[in-house]
Amino acid sequence: MRDVAIVAYIEGQNTSATTLSPVEMIVPVVHEILNRANVQRSDIDFWCHGSCDYMTGQPFSFVSAVDALGAWPPIMESHVEMDGAWALYEAWVKIQTGEANTALVFGNGKSSAGDMNRALTLQLDPYVVAPLWPGFRSLEAMGARAAIDAGTVTERQMADVVSRSLRDAADNPNVLAYGYRDADELLDEPMTANPLRAHDCPAMADGVAAIIMTTADRALEMCDRPAWIRGIDHRIDFQNLGLRDLSRSNSAALASYHAGVTKDKVDVAELHATYSHHEIILAQSMGIDRSTTRMMPSGGALVANPLMAAGLARFGQAARQIFKGNADRAVAHAAQGACLQQNIVAVLEGN
Amino acid sequence: MALHRCAVVGVGQTHHTSCRGDVSIAGLVREAVDRALLDANMTLADIDAIVIGKAPDMLEGVMMPELWLTDSLAASGKPLFRVHTAGSVGGSTAIVAAQHVMSGLHKRVLTIAFEKQSDGNAMWALSVPLPFSMPVHAGAGGYFSPIVRSYIRRSGAPSHIGAMVAVKDRTNALKNPYAHLHEDHWTLEKAMESPMLWDPIRFVETCPSSDGAIALVLASEDVADKMPGKKAWVHSTAMRSEPTMFAGRNQVSPRAGEMCAEDVFRKAGITDPLKQIDAVEMYVPFSWFEPMWLENLGFAPKDQGWRFVEDGVTEMTGALPVNASGGVLSSNPIGASGMLRFGEAALQVMGKAGEHQIDGARTALGHAYGGGSQFFAMWVVGSEKN
Amino acid sequence: MADDILRIRTPIGIDYTWSSGPGSVVYMRGLENGKLIGRRCPACELVYFPPRNGICPRCGVLLAAEVEVGPRGTITTFCIVNVPFLGQTIKIPYVAATILLDGADIGMQHLIQECEAADVRMGMRVEPVWKDKSEWTPSLENILYYKPTGEPDADFDVYARHL
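Residues numbered from 1 in each chain as written. Chains lettered and ligands numbered in written order. Predicted model: local features only at pLDDT ≥ 70, side-chain atom pairs only at ≥ 80, totals over all residues. Heavy atoms only, no water.

**Student:** Can you help me understand the layout of surface pockets in this one?
**Tutor:** One simple way to see leftover space: roll a probe sized like a water molecule over the atoms. Taken as a whole, the second largest pocket spans an internal volume of roughly 800 Å³. For the second largest pocket, the lining is made up of 31 residues, of which Glu60(B), Asp119(B), Gly120(B), Ile8(C) and Thr10(C) are closest to its centre. A breakdown of the residues in the lining of the second largest pocket according to their chemical character gives 17 nonpolar, 7 polar and 7 charged. (1 Å grid on protein atoms, 1.4 Å probe; cavity = no way out; pocket = protein on both sides within 12 Å on 5 of 7 lines; lining within 4 Å. Points joined across faces, edges and corners; volume = space filled by probe spheres on them. Nonpolar A, V, L, I, M, F, W, Y, C, P; charged D, E, K, R; others polar.)

**Student:** Looking at this structure, how should I read the interface of chain B and chain A?
**Tutor:** A common measure of how large an interface is: the accessible area buried when the components associate. If you look at the interface, chain B gives 56 residues, while chain A gives 57 residues. In this assembly, chain B packs against chain A so that about 5100 Å² is buried in total across both faces, 66% of it on carbon and sulfur atoms. The closest approach of N and O atoms between Glu99(A) and Lys267(B), which form a salt bridge, is 3.1 Å. Summed over the shared surface of chain B and chain A, the result is 15 residue pairs in polar contact (both at pLDDT 80 or more). For the side of chain B that touches chain A, the elements supplying multiple residues, two or more each, are helix H2 (66–72), strand S3 (80–83), helix H3 (89–102), strand S8 (232–241) and helix H9 (255–267) of chain B. (Contact = heavy atoms within 4.5 Å. Buried area = accessible area lost by both parts, 1.4 Å probe. Salt bridge = Lys/Arg side-chain N within 4 Å of Asp/Glu carboxyl O. Polar contact = N/O pair within 3.5 Å; in protein donor to acceptor, adjacent residues only side chain to side chain. Helix = DSSP H or I, 4+ residues; strand = E, 2+ residues; numbered from the N terminus.)

**Student:** Got a minute to help me understand helix H1 (residues 25–32) of chain C in this structure?
**Tutor:** An α-helical segment advances 3.6 residues per turn. Residues three or four places apart therefore align on the same side. All names here are of chain C. Among all positions in H1, only Tyr27, Met28, Gly30 and Leu31 are buried. Looking straight down H1, one finds that the buried residues subtend no more than 155 degrees of arc, so they occupy a single side. Taken from the residues just after H1, Gly34 is the one with a positive phi, measuring 75 degrees. (Buried < 20%, exposed > 50% of the residue type's maximum accessible area, 1.4 Å probe, protein only. Arc of directions from axis to C-beta.)

**Student:** I would appreciate a short explanation of the packing of aromatic side chains in the present structure.
**Tutor:** Each aromatic ring pair is specified by the distance between its two centres and by the angle formed by the two planes. Inspection of the entire model under this criterion finds 22 aromatic pairs over all chains. Between Trp198(B) and Phe286(B), the ring centres sit 6.2 Å apart and the planes meet at 85 degrees, which makes this aromatic pair edge-to-face. With a gap of 88 residues between them, Trp198(B) in strand S5 (residues 196–199) and Phe286(B) in the loop between strand S9 (279–281) and helix H11 (289–296) connect regions that are remote in the sequence. Residue class for Trp198(B) comes out buried when judged on its relative accessible area of 11%. Here the aromatic rings of Phe289(B) and Tyr369(B) are separated by 5.7 Å at their centres, their planes lie at 20 degrees, and the arrangement is stacked. Within this pair, whereas Phe289(B) is found in helix H11, its partner Tyr369(B) is found in strand S10 (residues 363–370), the two being separated by 80 residues in sequence. According to the relative accessible area criterion, Phe289(B) is buried, its value standing at 0%. We classify Tyr369(B) as buried; its relative accessible area is 3%. One aromatic cluster in this structure is built from Tyr143(B), Phe144(B), Trp198(B), Tyr283(B), Phe286(B), Phe289(B), Trp293(B), Tyr369(B) and Phe376(B). The ring of Trp133(A) has Arg118(A) lying over it, and the distance from NZ or CZ to the ring centre is 4.0 Å. (Phe/Tyr/Trp six-rings, centres within 6.5 Å; stacked < 30°, edge-to-face > 60°. Lys NZ or Arg CZ within 6 Å of the ring centre and 35° of its normal.)

**Student:** Can you help me understand the domain arrangement of chain A in this one?
**Tutor:** All names here are of chain A. If you check the domain split of chain A, you get domain 1 (4–114 + 204–222) and domain 2 (117–201 + 227–349). Using only C-alpha atoms to locate each centre, domain 1 and domain 2 end up separated by 22 Å. When domain 1 packs against domain 2, the two sides together hide about 3200 Å² of surface, and 69% of this comes from carbon and sulfur. At the boundary of domain 1 with domain 2, the tally comes to 0 salt bridges. Connecting domain 1 to domain 2 are 15 residue pairs in polar contact (both at pLDDT 80 or more). Among the secondary structure elements, those contributing two or more residues to the side of domain 1 that touches domain 2 are strand S1 (4–11), helix H2 (53–56), helix H3 (84–97), strand S4 (103–110), strand S7 (204–215) and helix H8 (216–222). Residue contributions to the side of domain 1 that touches domain 2 peak at 9 residues, all from S7. (Domains from an automatic or database assignment.)

Okay, structure coming up:
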């Protein structure tokens, strides 16, 4: 395998409801990241984009994103109907074939365009589940209930996760929720989808995340301390909730194993935990010790969840911890689907 | 950079038709998958990773349907990847899957593309009004028809060329049991009388709307070498994109298509495509795109593509047979159409195309495009290792 | 078994809010006031009408200066539509044309009327016919259609690079 590193990360302003068009959201992020890595468009061998039509309500919505790239002369480019983290995976595979050395990947989403709790329901079995319109939050609440009943998660642990995330978010200018609230205070809040309280659910955002990655011969030109991808893997579980133990995530465990997470100490983890209980389930499934690993220093997806970009943002935020020298070994993770159905995990190292 | 070799070792497709009301989306997909696995003498348990592609989710109304299809593909615990690059998606998906092997990452990869247009309302799904445009197009034909008119004006092609391609593809489809349209009554005279739907595009020159799926099993060299059957070695793959509309854009022969062809031929060591390519499976949803793509791909000189058609060069018996399978003009399950081109090219060099086999085909091109003629995906496959 | 249920209908409804983006505001405000406002790319200096998403897709930069274009233009290419489709309110056959407005560097789509479909030509000069002012909204539909001006056709070479 070729050594590949994340050398730059930029996220657009996360907002609760932007009036910008998706293209206008992407353009400045692309300009900024090219500047950050000190490269030209022509230095990018491969572009890959992650987004979802049902987030914007338009078929082929990703097509206009090509307009934001200045794709002339024509570019080598691809798109995944997945979170941008999987766009990063496609680019990583492409670099492994030797057909590209430097890639720019991005994910974007406009959660405010429609009712995402309803739209996400359309991921479910179209014949027997989706027509019931269960609502995505309800499914996640079922997952939380299963974990609580199994004794792997407590409501207090969930509140602790929220308390820490809000506190960390105070240091991150690009979030939609932050504050200083202790667990007792949070546990006094009413339930919105029992056992989930409003703060256990993510702050939905409109946003963009972009990453530049490259091979060993150029990484140091673009970044003082690149985040080397030492392992990366993604796995999926059955969708049918009745076929799964919702108190854990088999696919996260498998991806973590294949990415080599537990081979050494994890300094920092940026997990794409969109609901508070996800963090606890994921850490347990992935073999991450939450007492010794710094969890989501960015505040995580709970405080800003731009759909289809939030997973890639975890990769970017984990890489930032390496860039800044705060960590030597970081774990990045993204998930999609109901109740942590599909997971991608990468181990990033500074050395 | 040394690439790992990759071979197509199994091809499976459904019978394409306007409405497969007898199966679910999952059932349709499994039909293609089971045939591909049978062809490769494998089971789902042998598969390391799955790569799925389809056109917009709104066509069926299922968001990211691969999440749900995991269950019917027994994919739990595996990597499953979803590609969406508009009409070229079937081709792009096969390429992404091939790269999973060419990178040395996996040894047995299953790739799938499908569309079940009858499960949704495509016209509704594709008609979202926006203030930038007048709703005057009346579908894809209305979008591409002015471009065809530009080609005719530029090249001086006579009016019957589109009809000739249509008759050829519909006739070829009679030899393909999986094709959607099996119409044995077409002659050039009759085709010329076919009504103009989107003048200058006649009804016979348009593609049907199909339900269908295709799956390919891709294998690494060590795995493929141990298999007794015939394989299609992937000699090269290429993708290129450009914006849909910009000032001064050549819509008749987009630069992205030219660059993609140059790249795929260069990487396959092909210097004279007309001589070295034995069969082409080209994405031709409207018949006039055959002469247009012949030029764009570098098979014919500028403005001369129509002469190839007129001279019968692209007939099954010609020097450069194009769409022996009947092509998109005879079956169009949108998201699957690109992979059908890639799969049919593989079948040709495997010598497994049945009645529509081109004798002695050793090297074939699979071609797909999408969006406003802006996304291109191509591969060259051969009967021998490259 | 004749009674087997093979198909069910499950209607889906989700409402979306679509943002035009600030880059298109001048274009839509212009239409509301009976003006065709395009914008110039600061890099390649070509004029876009409509200024779709406020960007020059070729250069990947946000469009800048506002430029009034038209109202007259040249048909570069066209389609004669003979197929009825869902929601279509226009009588067939009708002509959907790509029109290069004077002063713009990219064609846009509109209807051609007051002329037999068979008489429409590439290069034909056309001008807009607007709805009554009282009905104007921020939409290109304020223009009912384009009609021939009677000027001589433009030479092919003039518009060939826009095909």
